Amino acid sequence: MLVLCVTYPKFLEHFAGAGRKGGHKGRARQYTSPEEIDAQLQAEKQKAREEEEQEEGGEGATGDPKKEKKSLDSDESDEDDEDYQQKRKGVEGLIDIENPNRVIQTTKKVTQLDLDGPKELSRREREEIEKQKAKERYMKMHLAGKTEQAKADLARLAIIRKQREEAARKKEEERKAKDEAAMAGKRLQSLSLNK
């Protein structure tokens, strides 16, 4: 059983739209016409123009350093870049921070770069160069026969050479034995034919 109280108008307003699809959020939508949007944009542009005119006309040489940079030649602006510091955010302008871990990034121009100076390699690059040098040293030692692997290879080669020499000697002895047997057979045949 559901009883609604008439004495609470907010309560009734809340449940009044409960049966419909959609909630309370879409009721008060207001759309701006394109003409109004254009009028607002025009007003903002006009206001920006007036501010620029005031800054250019009223301040002159004592204006903001950024505005002066735009008006100077490229040669003169190079000198101003070095003297001009970035605007500090928050409390940085009030407090001097002495953090040894903080790295202040400075931008260098192409003319200031030192290309002839020694180039510092990264850790990976150094390790890669060391690997290559170690490999070259090992190959020289290996070719000279001073490494354990080279000694093992040479010992294996010596054993193989001995085995091949013995096999060649046995073959030669067998061939000689066959030749002698064939010669003996021919002699016997020639003797038997001569009789």
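As shown above, the structure is provided for reference.
What you see is a predicted model; the values in this text were computed from it and never measured.

## Digging into the overall build of the chain
Tallying secondary structure elements over the chain gives six helices and zero strands in all. Helices and strands in the chain line up, N terminus first, as α-α-α-α-α-α. For the chain, the residues scored as buried account for 3% of the 195 residues in total. Summing over all exposed atoms, the chain offers an accessible surface of approximately 20100 Å²; the carbon and sulfur share of this is 52%.

## A closer look at the side chain of Thr-147
Summarising the element assignment, Thr-147 is placed in the loop between helix H5 (123-144) and helix H6 (148-194). Look at Thr-147 and you get buried, because its relative accessible area is 9%.

## Observations concerning a nonpolar patch on the surface
A cluster of nonpolar side chains, namely Val-110, Leu-113 and Leu-115, defines an oily patch on the protein surface of about 370 Å² accessible area. For Leu-113, the position within the fold is in the loop between helix H4 (74-83) and H5.

## Examining H5
Taking 1.5 Å per residue as the helical rise, H5 with its 22 residues ought to reach 32 Å, and the 32 Å between its terminal C-alpha atoms agrees with that figure. One or two positions beyond H5, positive phi appears at Gly-145, with a value near 85°.

So, how was this worked out
- Residues numbered from 1 in each chain as written.
- Predicted model: local features only at pLDDT ≥ 70, side-chain atom pairs only at ≥ 80, totals over all residues.
- Heavy atoms only, no water.
- Helix = DSSP H or I, 4+ residues; strand = E, 2+ residues; numbered from the N terminus.
- Buried < 20%, exposed > 50% of the residue type's maximum accessible area, 1.4 Å probe, protein only.
- Areas by Shrake-Rupley, 256 points an atom, 1.4 Å probe, with all protein chains shown as cover.
- Patch = residues over 30% accessible without salt bridge, like charges linked within 9 Å, V, L, I, M, F, W, Y side chains within 5 Å.
- Salt bridge = Lys/Arg side-chain N within 4 Å of Asp/Glu carboxyl O.
- Expected span 1.5 Å × (residues − 1).

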